[in-house]
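As a plain string of letters, each chain reads:
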Amino acid sequence: MRGCRLLFLSLSIAGPGVLVYAQAPDQLDTLSASMVVADDDRALLSGLTSYDGEALRTGVTALGVPDIVRTLKTLSGVASGMELTSGLYVHGGDGSDNLYLLDGVPLLQVAHLGGIFSSFNTEAIRSLDFYQSGFPAAYGGRASSVVDISTKEGDIRHHHGTASMGLLDGHFTIGGPLPGHRLTYYAALRRSWPDILLLPALSVYNSGKDQKTSGSYYLYDMNVNVAWTPGTEDKISFRYYRGRDKFRYSYSSQDKYYGKEIYQEESFRKIGMDWGNLALSGEWIHHFTRNAPLRVLAYYSRGASDIGYETKEFGLQGDALLERSFSGGDRGHVSLLGVEGEQSLYLEHHRIAVGVDYQYARYVHPGFQDASHTVSLYADDKISLGAWTLLAGFRLDGSRTAQASFVIPQPRLMASYSWGAPLTVNATYTRTVQFSHLLTSIYLDLPTNRWAPSSDLLPPTDVHQLTVGFRAFPHPSLSFKGEVYYKHMDNLVMSSNGVTLFPSADDGNGDYACGNGRAYGMALEGRYRTATTETTLFYTLSWSWRNYPDIHPYWFLDRYDNRHKLTIRHAWQISKAVGLDVQWDYHSGNRVTLPEHVLERPGSPSKLLYSAPNNMQMPAWHRLDVGLRVQKMTKRGHEGVWTFGLYNVYCRKNPLVLLLEDSKQNPGHYSLKGYALPAIPSVSYMIRF
Amino acid sequence: MKKILNIILLMGLATACESYMDYPDIRGDGKYYLECFPSSGPDSTSLVLYRTHPLNRDARDYALAPVSAHLLVNDTPVAWQSTRKDGNGLLFSAATDLAEGDQVRLVVREAGDDVVIAESCIPSPPRFTYRRVLTSNWNDRYHVLLDSEENAGRNYYGVRLEGLFRYTTRFPDGSVEVRDAPMRDLRYGVNGSNDSLDLSGKVEGRFQSVSVAGQKMIVFEVDGSGDSPYELLVDTPNIEDRIEWLYMDLPSHRRALYRLHLYRMSPAAYRFFVPQENEVLSGAGLVSPLTVQGNLKDAFGMVECVGGASTEWLPALTQEGD
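Residues numbered from 1 in each chain as written. Chains lettered and ligands numbered in written order. Predicted model: local features only at pLDDT ≥ 70, side-chain atom pairs only at ≥ 80, totals over all residues. Heavy atoms only, no water.

## Remarks on the overall build of chain B
The following threshold applies: For helices the rule is a DSSP run of H or I covering at least 4 residues; for strands it is a run of E covering at least 2, with both sets numbered from the N terminus onward. A simple rule labels every residue: compare its accessible area, found with a 1.4 Å probe on the protein chains alone, to the largest value its type can have, and call it buried under 20%, exposed over 50%, or partly exposed in between. Note on definitions: a residue-residue contact is assigned when non-hydrogen atoms from the two residues lie within 4.5 Å. Only the protein chains shown count as cover for residues, and all accessible areas are computed by the Shrake-Rupley method using a 1.4 Å probe.
Per the secondary structure count, chain B includes three helices and 23 strands. Split into buried and exposed, the 322 residues of chain B put 48% on the buried side. Intrachain contacts of chain B at a sequence separation of at least 6 include 67% that bridge at least 24 residues. Per element, the accessible surface of chain B, about 15,700 Å² overall, is 49% carbon and sulfur.

Structure (C-alpha cells):
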C-alpha cells in the first residue's frame, strides 16, 4: 500500500461549489486535514496556480536546490528575470511588488545570497497558491502577485522526517505528536555549506604567506510549527520562521616599515554582513458551524540587516609611522506587527468572507526612521447563478504615517461562465495598492536594500489589471489554460541618482524617480498527462513599458520585456523507482542599456551616448536541464532518493553580463564580452524516515 | 564599500564562462548633439552643436550637414554674435540679458526643416551672501552662504569664478586709460564647509569640474540635510597689484578683479554634467537605466536654462582686508 493513502471524504454541496474535506485515518481528529479544499471557484480563475509541496520538490533543479520562485518563474505570465536569481516579475511587475505570505505572515526579504536562493525551504512547504490576477479581496499590500505558502504540520500519531545532503546545502525535517492531547510539532532546518568547503581551500591558499585572506558565507532557515486541536471546532497554531545569511571577509597583512626604526605592524580589512527574516505567528481557527469558520491571526515579521566594516592601515610620513583606522556600520530593519480576522460563511448560492486587518510597520535605517499604520476592511462574495459565477470583492485600505495618509478603495471583480466541465471563460478586474517601496539602485536582493513607506513624494503604487481567460479540458488527459491581460501601474519607483550600495531611505533626497508602467500580453498553458508521463507547455507573449519622466522623456521598454517566453517540461516515470525530468526554457533576450552613438570633439575624449534606457536586447536565451530521481529502499526500510541533475546540458552561453570592450587592434571599434554559466552537474541524496 | 559589490560581481563572474559577440549593428544617421545653458543676468549664451555617429561606424561618413540655429527669447529672435567651426561641430555665441521667467526657444534647422526644437524657462537665481578673507596660505577665499531657503530639499548648483586684469595707465597729458584683459586659466578650487560624510562615498564626488562652452564650472549638489545653511568656500590664489609695462617707459598699474557666478540648475542638468551611468552594471541590466544624456527629442545633449546670480567685480584682497 506504499504510496497510497486511505482518505475519508465528506462533501458539502452549496450550489455549484463543492467543498471536499479529506481526512487521513491517522489524522481523523485533526482539523488540519479539513484544510484540503477543492472549492471550484478557485479552478475558475485562470490567474491562479496551485501546487502541493511534492510538486515543488520534484522536477529539474538548478544547482540541485529546488526553489519555489524558480519554479514559479517558469509559468506563463512571469518573466524569467536574470538567470539563477529569485526575482519574480509578474505581468510586467518590478519584482518588489509580490506579496509573499508564509502561513499568512508577510515576509520582506525573500531571498538568500543576493537572490540566488529564495528564503523558502521547499521541504517544509505543504502547499502554495500563486495568484497573477483575480486577487481575492483578502490579499492586499502588494501590487502584482500573491505567493501564499502553507507549511507542513506534524502527524498526530507517528514521527516522520527527512534528511538530505547536496553539493550546496542540506536539510533535516522532523514532525510528529507531542506529549499531551492533540498536540503536534514540525521542524525543518536547511543550511548551506560553501563556507565549510571553502575552509580547506583558504587554508591552502594562505599557507606560507604574510597576507591572510579569509571568507565565509552560509545561509540557514528554520521552520517550527506547533499545532493544537482541542476539539473538532478549534485549532490553534504557533509558527516560527527564521532565515539568515552570514557573510564574512577579512584580509590581513604583516608588513615592515623602515622609518626611524623598523616597525612591524599588521594591517587589515574586515567586512561582516548578517541579514534575514524572523516571523512569529499565532493562528486560531474556530468553526461556529461547519459552514462558518472564523480565522484570527496575529504575527510579528522582521527583516533586518547588520553590516559592519573595519580597516586598519599603516604608512610612513617622513620617519614616523602613522596609523589610520576606520570602522563603520549600517544597521536597519523593517518590523511588521499585525492582526487579521476573517469570518467566512458558506450558503447555498453565496460564499461570503468578511475580514479586517491591522498592520503596524516600523522602518529603521541609518538616518531614517518612520512608521505606518495600515487598516484594511474587505468583503468577498462568490455568487453562483447556474452557469455563471460572480466574485464580487471590495477592499478598503487606509495607511497613515507621520507625514502622509492614504485611503484607497480596491474593487476585485470576477465573472465566469462555464459550458459544463470542458470549458470555462472568465474576466477579472482588480485594483491593487502597495504602501511601501523597495528603495535600491541595484537590482539584486542585497541586505542594504531599504523598504520605506509611501509618502507625498513617492505615493502608493497603484495597479489596475484587466484579464480575460479560459480553462479548457477537452479530454481527461489534456488541459489548457490561457489569459490575456492589460495592466497599468502608477507610482513605480526607480533610483535616479546613480549606483550606491547604501541607498538612501529618505525619498526627500531626490534619489528616486516616480514613474508609470504598462504591460500587456497573453499567457498560455497546455498539459498532457498519461499514467507515466506529463508534458507541460507554458508560452507567454508580452510587452512591458516604463515611463519615468525624470530619467527619460519618453516611454521605454522594461528590462524584462521578453516578447516570447516558452517552457516545455516533460516528466517520465520510467519505472516505479526511476523518474526523469527534462525542461527546456527559451525567452527573448532581456534588455540592457548600452551606448549607441559616439561624439568626437577636438581635444576631448570620445563620449559614448545612450539614446534610451534599455535600448539594446541581449541575445535570445535558452537552456536545457535534466534531472533524474532514483528511489531505493534502505536496509532499515526507509525510502532513499538520489537526485542527479545537469543544468544547461548543451552549455548554451546565455550571457549574464555584457561588457563593452574597446578593440585594441581597431581603436574606436567596440565589441561585447559576455559572461555565462556553463553546464553544472549536481547530486543530492535524501532519506525519508 | 563599493568593493563589496565588486566582490559579489567577481564571485559571479568567476563561476561564469566568457564569450565574445559582435556589437549590434546600429544603422541610421548620426544625431545632433547640443549643449546650451542660457542664464539670467547680463551674460552671453553659447551653443555647441555637433554631429554624432553610430558606434563602430566611421566618423568621416557622418559629417555635419549645412545647418542653422535660431535662438528666440520670449519669441523674439536673438542674433548670434559669432559662429565658428570646431571639427565636426559649430560654436555659436550671443549676448543676452535674461531674467527669471523668460522663455527661451532654440531651433535647429536643416534643409528648411526644424530638426531639433528645445524650450526652457529661466528659473529663479540662487540667493546667497558672501564675504572674503585672505587665508594664511595666500588665497582669496569666498565664504558663500546660501540662504536658508536654499536648504529645503536637494538643490543643484554650478559655481564659476571669472577673472580679469585691469591695467590703468596714466599718460603724461593727464589722461587715464583703463584696459581689461580676461584671465586665462584662472585657477580656483571649491569646497563645502559643512559637508557631512555619508556611506555612499558620494562626498568625494560632491564637486565636479565640468566644461560649459569651453569655460570651467564646478557643479555640486546640496542635499538639504544640514541643520544650518550651506556654506561654500571658493579659493583662488591671491594676485597682488603690480606694475607692468604696456607702453615703453610708461608704467601701467595692473589689478586683478574677480567675479563669482552661482547658478541654479535642474536635477536633469546636474545629472547631465555628472553622469551616473555605470557601464558594467548597465550592461548587466542590474541598475536603473539612467540615461539622462539630455532633454532633447531625437537628439543628444541638453538645452536648459539656469538661474544665475553674480557678485560685482571685486579686486584681489590686500593684507588690509576686504
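## Some remarks on the environment of Trp 245 of chain B
Residues and elements named next belong to chain B. Mapping Trp 245 onto the fold places it in strand E19 (residues 242-247). For Trp 245, a relative accessible area of 58% puts it in the exposed group. Spatially, the C-alpha atoms of Trp 245 and Asp 223 are 49 Å apart, while their sequence positions differ by 22 residues. Residues contacting Trp 245, with those up to four places away along its chain left out, are Leu 250 and Pro 251.

## Things to note about a nonpolar patch on the surface
All names here are of chain A. Under the convention used in this document: Here the term patch refers to residues with relative accessible area over 30% and no salt bridge, with like charges joined within 9 Å and nonpolar side chains (Val, Leu, Ile, Met, Phe, Trp, Tyr) within 5 Å. Within this document, salt bridges are pairs made up of a side-chain nitrogen of Lys or Arg and a carboxyl oxygen of Asp or Glu, the two lying within 4 Å of each other.
Together, Val 356, Tyr 358, Val 375, Leu 377, Phe 394, Leu 396 and Val 407 make up an exposed nonpolar region whose accessible area comes to about 580 Å². Breaking the nonpolar patch down by element, the ones donating at least two residues are strand E20 (350-365), strand E21 (368-385) and strand E22 (388-400). Relative to the assigned elements, Val 407 resides in strand E23 (residues 405-419). Overall, Val 407 belongs to the exposed group, its relative accessible area being 62%.

## Let's talk about the packing of aromatic side chains
Defined as follows: In this analysis, rings of Phe, Tyr and Trp, with Trp reduced to its six-membered ring, are considered paired at centre separations within 6.5 Å, and the interplanar angle assigns stacked below 30 degrees, edge-to-face beyond 60, and tilted for intermediate values. For a Lys NZ or an Arg CZ to count as sitting over a ring, it must be within 6 Å of the ring centre and within 35 degrees of the ring normal.
Summed over all chains, the structure comprises 26 aromatic pairs over all chains. For the pair Trp 584 of chain A and Tyr 586 of chain A, a centre-to-centre distance of 6.1 Å together with 25° between the ring planes defines the contact as stacked. Trp 584 of chain A sits in the partly exposed class, given a relative accessible area of 26%. In this structure an aromatic cluster arises from ring pairing among Tyr 157, Phe 207, Phe 220 and Tyr 230 of chain B. For Lys 270 of chain A, the ring lying beneath its charged end belongs to Phe 268 of chain A, and the centroid distance is 4.7 Å. Stacked on the ring of Tyr 32 of chain B, the Lys or Arg Arg 51 of chain B has its end atom at 5.0 Å from the ring centre.

## Section: the side chain of Asn 155 of chain B
Note that Asn 155 of chain B resides in strand E13 (residues 155-170). Apart from the residues lying within four places of it in its own chain, the contact partners of Asn 155 of chain B are Glu 150, Phe 220, Glu 221, Val 222 and Arg 264 of chain B.

## Here's the deal with the side chain of Ser 80 of chain A
With respect to the helices and strands, the residue Ser 80 of chain A is situated in the loop between strand E4 (78-79) and strand E5 (89-90). When near neighbours in sequence (up to four residues on either side) are disregarded, Ser 80 of chain A contacts Lys 73, Asn 562, Lys 565 and His 587 of chain A.

## Comments concerning the domain arrangement of chain B
Residue and element names in this part refer to chain B. For clarity, the threshold we go by: A domain assignment, automatic or from a database, supplies the domain bounds used here. Simply put, the buried area is the total loss of 1.4 Å probe accessible area from both parts when two parts are fitted together.
Domain boundaries in chain B define domain 1 (22-123 + 269-307) and domain 2 (128-263). At the junction of the two partners, domain 1 supplies ten residues and domain 2 supplies 13 residues. Counting the surface lost from both domain 1 and domain 2, the interface buries some 930 Å², and carbon and sulfur atoms represent 67% of this. At the surface where domain 1 touches domain 2, the tally comes to zero salt bridges.

## Details of the sheet that holds strand E5 (residues 67-73) of chain B
The strands that make up a sheet pair up through hydrogen bonds in the backbone, lying either parallel or antiparallel. Residue and element names in this part refer to chain B. Selection rule: Strand pairing is assigned whenever DSSP identifies at least 2 bridges connecting the two strands. Inter-axis angles, ranging from 0 to 180 degrees, are taken between N-to-C directions of lines fitted to C-alpha atoms, where helices are fitted over the stretch in contact.
What the four strands build is an open sheet, ordered E6-E5-E9-E10; its pairing is antiparallel. With partners counted over all chains shown, the strands left at the sheet margins are strand E6 (76-78) and strand E10 (113-121), one partner each. Neighbour to neighbour, the strand axes of the sheet diverge by 25° on average, direction disregarded. As judged from the three bridges shared by E5 and E6, these two strands associate in the antiparallel manner. Opposite Leu 71, over in E6, you have Val 78 as the bridge partner.

## Some remarks on the environment of Thr 173 of chain A
Residue and element names in this part refer to chain A. Stated precisely, the cut-off is as follows: The definition of a polar contact used here is a pair of N or O atoms within 3.5 Å, where within protein one atom must be able to donate a hydrogen and the other to accept one, and adjacent residues in sequence count solely through side-chain atom pairs.
Relative to the helices and strands, Thr 173 is located in strand E13 (residues 169-177). When its relative accessible area of 3% is taken as the criterion, Thr 173 is described as buried. Between the C-alpha atoms of Thr 173 and Ala 188, which are 15 residues apart in sequence, the distance is 4.2 Å. When neighbours within four sequence positions are excluded, Thr 173 is seen to be in contact with Glu 123, His 160, Gly 161, Thr 162, Tyr 186, Ala 187, Ala 188 and Phe 689. Polar contacts involving the side chain of Thr 173 include one to the side chain of Thr 162, which spans 2.6 Å.

## Looking at the pattern of salt bridges
Residue and element names in this part refer to chain A. Within this structure, the stated rule accounts for 43 salt bridges over all chains. For Glu 54, the salt bridge goes to Arg 57, with nearest N and O atoms at 3.5 Å. A residue pair is termed a helical-turn pair when its members lie 3 or 4 positions apart in one helix, as Glu 54 and Arg 57 do in helix H2 (residues 53-57) at three residues. By relative accessible area, Glu 54 is classed as partly exposed at 36%.

## A few points about the sheet that holds strand E3 (residues 41-51) of chain B
Residue and element names in this part refer to chain B. An order of E7-E8-E3-E2-E21 is seen for the five strands of this open sheet, with the pairing classed as mixed. Both outer strands of the open sheet, strand E7 (82-86) and strand E21 (300-303), are each paired with one neighbouring strand and no more. Between one strand axis and the next, the sheet turns by 20° as a mean value, whatever way the strands run. By the bridge criterion, five bridges tie E7 to strand E8 (residues 89-98) in an arrangement that is antiparallel. Pairing of Arg 84 across the sheet is with Leu 91, part of E8.

## Comments concerning helix H4 (residues 194-206) of chain A
Residue and element names in this part refer to chain A. Note the threshold: Here a helix's expected span is defined as the number of its residues, less one, multiplied by 1.5 Å. Bend, at a single residue, is the angle you get between axes fitted to the 7 residues ending at that residue and the 7 residues starting at it.
Compared with the 18 Å implied by 1.5 Å per residue over 13 residues, the 18 Å span of H4 between its first and last C-alpha is a close match. Of all the bends in H4, the greatest measures close to 25° and is centred on Pro 200. Of the surrounding secondary structure, the elements contacted by the buried residues of H4 are strand E14 (183-192) and strand E15 (211-228). Just downstream of H4 lies Gly 208, where phi reads positive at about 75°.

## As for empty space enclosed by the protein
Residues and elements named next belong to chain A. Rules: Only protein atoms enter the 1 Å grid used here. Points where a 1.4 Å probe fits but cannot escape make up a cavity, open sets with protein on both sides within 12 Å along at least five of seven lines make up a pocket, and a residue lines them when an atom lies within 4 Å of a point. Grid points are joined across faces, edges and corners, and a volume is the space filled by probe spheres set on the points.
All chains considered together, the criterion is met by 13 cavities of 30 Å³ or more. Considering only enclosed or pocket space, the second largest cavity measures out at about 130 Å³ in volume. The wall of the second largest cavity is formed by 17 residues, among which Ala 79, Gly 92, Tyr 485, Ser 542 and Tyr 560 lie closest to the centre. Those elements that place two or more of their residues in the lining of the second largest cavity are E4 and strand E30 (533-547).

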